[in-house]
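# Overview (structure and organization)
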Amino acid sequence: MSVDEEKELPAGWAWATLADLVASDGAFTDGDWVESKDQDSDGVVRLVQLADVGEGIFRDRSNRSLTGATADRLRCTYLQPDDLLIARMPEPLGRACLFPGSDRPAVTVVDVRILRPGKSGVFNRWLMWAINSPQARQQIREYQTGTTRKRISGRNLAKVRIAVPPLAEQHRIVEALEEQLSRLDAGVATLRLTRKRLDGLRKRILITLVPEELPASWRMATVEQAGTLELGRARHPDWHHGPEMRPYLRVANVFEDRIDTTDVMEMDFSGVWEKYRLHTGDVLLNEGQSPHLVGRPALYRGFPKNVAFTNSLLRFKAGDGVLPEWALLVFRRHLHAKRFMQEVRITTNIAHLSAKRLKAVEFPIPPLDVQEKLIQRCDELLGGVTAMEQEINNGLKRADGLRATLLKCAFSGNLVEQLPGDEPASTVLARISAERAAVAIAPRPRKASAKKSAVLRAASPAPAPTPAPALAVQQEFDL
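So, a few notes on the structure that sits alongside this text. It should be emphasised that the depicted structure is a prediction, and the values quoted were computed from it without experimental measurement.

## Brief notes about the overall build of the protein
- Secondary structure assignment for the protein yields 13 helices and 23 strands.
- Counting every position in the protein, which comprises 479 residues, the buried fraction comes to 44%.
- The long-range fraction of contacts in the protein, counting pairs at least 24 apart against all pairs at least 6 apart in sequence, stands at 79%.

What follows is the structure in structure tokens.
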């Protein structure tokens, strides 16, 4: 029993597992084994997927379906309005929402658990938020299995313990909780909208500082005329080991105006080290990326030390009359103005910006004193944007913490008052247990995948026809 479970429950509350809250075994089951070949874009049965299951909200993102015949062949469980859907995998594991219903029949996939609580004393919306609470999430993390892809089995999910309040208090909790969460969600939406606007402001600053129509003192050149451009060294299995192992940067390390050193790899640079070694002031650009990120630039400022670069990157060395910081500003401007996208060529789903095509791209060059002023002005403006963005991110983190605190308070009896006239949860749970005992439970066969079902059908010979009896006597019985 966890630390939270050892604490004394509020008056009228009682502990129960998720399995205790359903009136029959069939009311707590996984979705169906549906493979891609079973899906049909013109099907009449909607297929709810993991992407649709959010934390307290049905996202309605997928557009998959089955034919009625396929759903019947797979013996699918049809969803009902207000069914609780619980995600058994990816993060956040165990997130839950209510199915709002659909204008057509609907089923779900095997990695979604369907829960239909007993109607004698469990409010569906309260149980949904209880499963999304920190108390339940902690247990789900303890029960999860897997290394690369975490998941929780239906059997372990059934063991998750919930502190159950009286039914009347469940309704009060949901009313108070959703009122607070709606205010919090409105604040979060405002912060995210503001962050999105800051992205637009950052782009506008870069595009404005490097105008298309040049002042009289500026001159228009090309990238080739403004400096030198080189492609990094190709990677090869023969160079994974050797006498002169050196670290190198690749696309995964180069972000806009930032070099990430958390995952720097090494290879042998025997005889070619000086050719590919980076020097302070070199500008690195992504040669291969997704189309909107190709050409993403960063300035090498001497860290990490003694590092080279591969052919997934291009190196620009500023020539006479061009400051490296100005070159970075020009390239960032081209990135956000989508100038680089006009020069890309796509091979095997990766966009490439060749050195040949980049050399011909325009490169405006103002006088050196103007470059210095514009670089300083850019740093000031973007520094302000970054500071505002950091405050927004801090606000979003605080909102996450406040949300978790609200949920924890709600499901530990600290959000609304307990009223002595409420029917105790123990009575409610006893009634659900009686309902479950009264239901005639037939063994429910495990659902097999469509592939496994086909194999079983092929392996099992058809039964021989039963011969008709030689003499048949018709009998009548009193009803």
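## Points about the sheet that holds strand S20 (residues 313-318)
- One open sheet holds the four strands; their spatial order is S11-S20-S16-S18, and the pairing between them is antiparallel. Looking along the sheet, the strands with just one partner apiece sit at the ends: strand S11 (227-231) and strand S18 (297-299). Ignoring which end each strand starts from, the neighbouring axes of this sheet average 25° apart.
- Pairing between S11 and S20: five bridges, direction antiparallel.

## Section: the pairing of strand S8 (residues 112-115)
- Side-chain alternation along S8 places Val112 and Ile114 on one buried face and Arg113 and Leu115 on a second face that is also buried.
- Relative to S8, strand S2 (residues 28-30) is paired through three bridges, and the arrangement is antiparallel. Each bridged residue has a counterpart across the sheet, and for Thr29 the counterpart in S8 is Ile114.
- Two elements, strand S5 (residues 84-87) and S8, share four bridges in a ladder whose sense is antiparallel. Its bridge partner being in S8, Ala87 is matched across the sheet by Val112.

## Thoughts on the pairing of S20
- Sheet topology places strand S16 (residues 283-286) next to S20; four bridges connect them, and they run antiparallel. Following the sheet pairing, Val283 is matched in S20 by Phe316.

## A closer look at the pattern of salt bridges
- As enumerated under the stated definition, the model contains 30 salt bridges in all.
- Note that Asp60 is salt-bridged to Arg46, the shortest N-O span being 2.2 Å. With a gap of 14 residues between them, Asp60 in the loop between strand S3 (45-48) and strand S4 (64-66) and Arg46 in strand S3 connect regions that are remote in the sequence.
- Salt bridges sharing partners connect three or more residues here, namely Asp30, Arg88, Asp111, Arg113 and Arg151.

## Quick look at the nonpolar core
- In terms of nonpolar packing, the biggest core is built from 107 residues, with Leu18, Leu85, Trp126, Phe316, Trp326 and Phe363 touching the most fellow members.
- Sequence-distant contacts of Leu18, that is, excluding residues within four places in its chain, are made with Phe28, Leu115, Leu127, Ile131, Leu157, Ala158, Val160 and Ile162.

## Looking at the sheet that holds strand S19 (residues 308-309)
- Read across the open sheet, the three strands follow the order S15-S12-S19; overall the sheet is mixed. The open sheet is flanked by strand S15 (265-268) and S19, the only strands paired with a single partner.
- Looking at chain direction, strand S12 (residues 245-249) and S19 are connected through two bridges and run parallel. Paired with Leu249 across the strands is Phe309, a residue of S19.

## Considering the packing of aromatic side chains
- Scanning the entire structure with this criterion turns up ten aromatic pairs.
- Centre to centre, the rings of Trp218 and Trp326 are 5.7 Å apart; their planes meet at 85°, and the pair counts as edge-to-face. Placement of the pair is Trp218 in the loop between helix H6 (167-209) and strand S10 (219-222) and Trp326 in helix H9 (residues 324-336), with a sequence separation of 108 residues.
- Owing to a relative accessible area of 0%, Trp326 belongs among the buried residues under this scheme.
- By way of ring pairs, the aromatic residues Phe269, Trp273, Tyr276 and Phe309 are connected into one cluster.

## Some remarks on helix H3 (residues 124-131)
- Counting buried positions along H3 yields seven of eight residues, so the element is predominantly enclosed.
- Residues Asn124, Trp126, Leu127, Met128, Trp129, Ala130 and Ile131 constitute the buried set of H3.

## Quick look at the environment of Pro364
- Along the chain, the position of Pro364 falls in strand S23 (residues 362-365).
- The residues contacting Pro364, other than those within four sequence positions of it, are Val210, Leu214, Trp218, Arg219, Met220, Trp326 and Val330.

## Here's the deal with unusual backbone geometry
- In this chain, Glu91 is followed by Pro92 through a cis amide linkage whose omega measures -5°.
- Positionally, Pro92 belongs in the loop between S5 and strand S6 (96-98).
- A cis amide bond links Phe303 with the next residue in sequence, Pro304, at an omega value of 0°.
- Tracing the chain through its elements places Pro304 in the loop between S18 and S19.
- The phi dihedral of Asp82 falls on the positive side, at around 75°, and the residue is not glycine.
- Structurally, Asp82 is set in the loop between helix H2 (68-73) and S5.
- Phi is positive for Asp257, which is not a glycine, with a value near 55°.
- With respect to the helices and strands, Asp257 occurs in the loop between strand S13 (254-255) and strand S14 (258-259).

Conventions adopted
Residues numbered from 1 in each chain as written. Predicted model: local features only at pLDDT ≥ 70, side-chain atom pairs only at ≥ 80, totals over all residues. Heavy atoms only, no water. Helix = DSSP H or I, 4+ residues; strand = E, 2+ residues; numbered from the N terminus. Buried < 20%, exposed > 50% of the residue type's maximum accessible area, 1.4 Å probe, protein only. Contact = heavy atoms within 4.5 Å. Pairing = 2+ DSSP bridges. Axes fitted to C-alpha atoms, helices over the stretch in contact; angles between N-to-C directions. Salt bridge = Lys/Arg side-chain N within 4 Å of Asp/Glu carboxyl O. Core = buried A, V, L, I, M, F, W, Y, C linked by side-chain atoms within 4.5 Å. Phe/Tyr/Trp six-rings, centres within 6.5 Å; stacked < 30°, edge-to-face > 60°.

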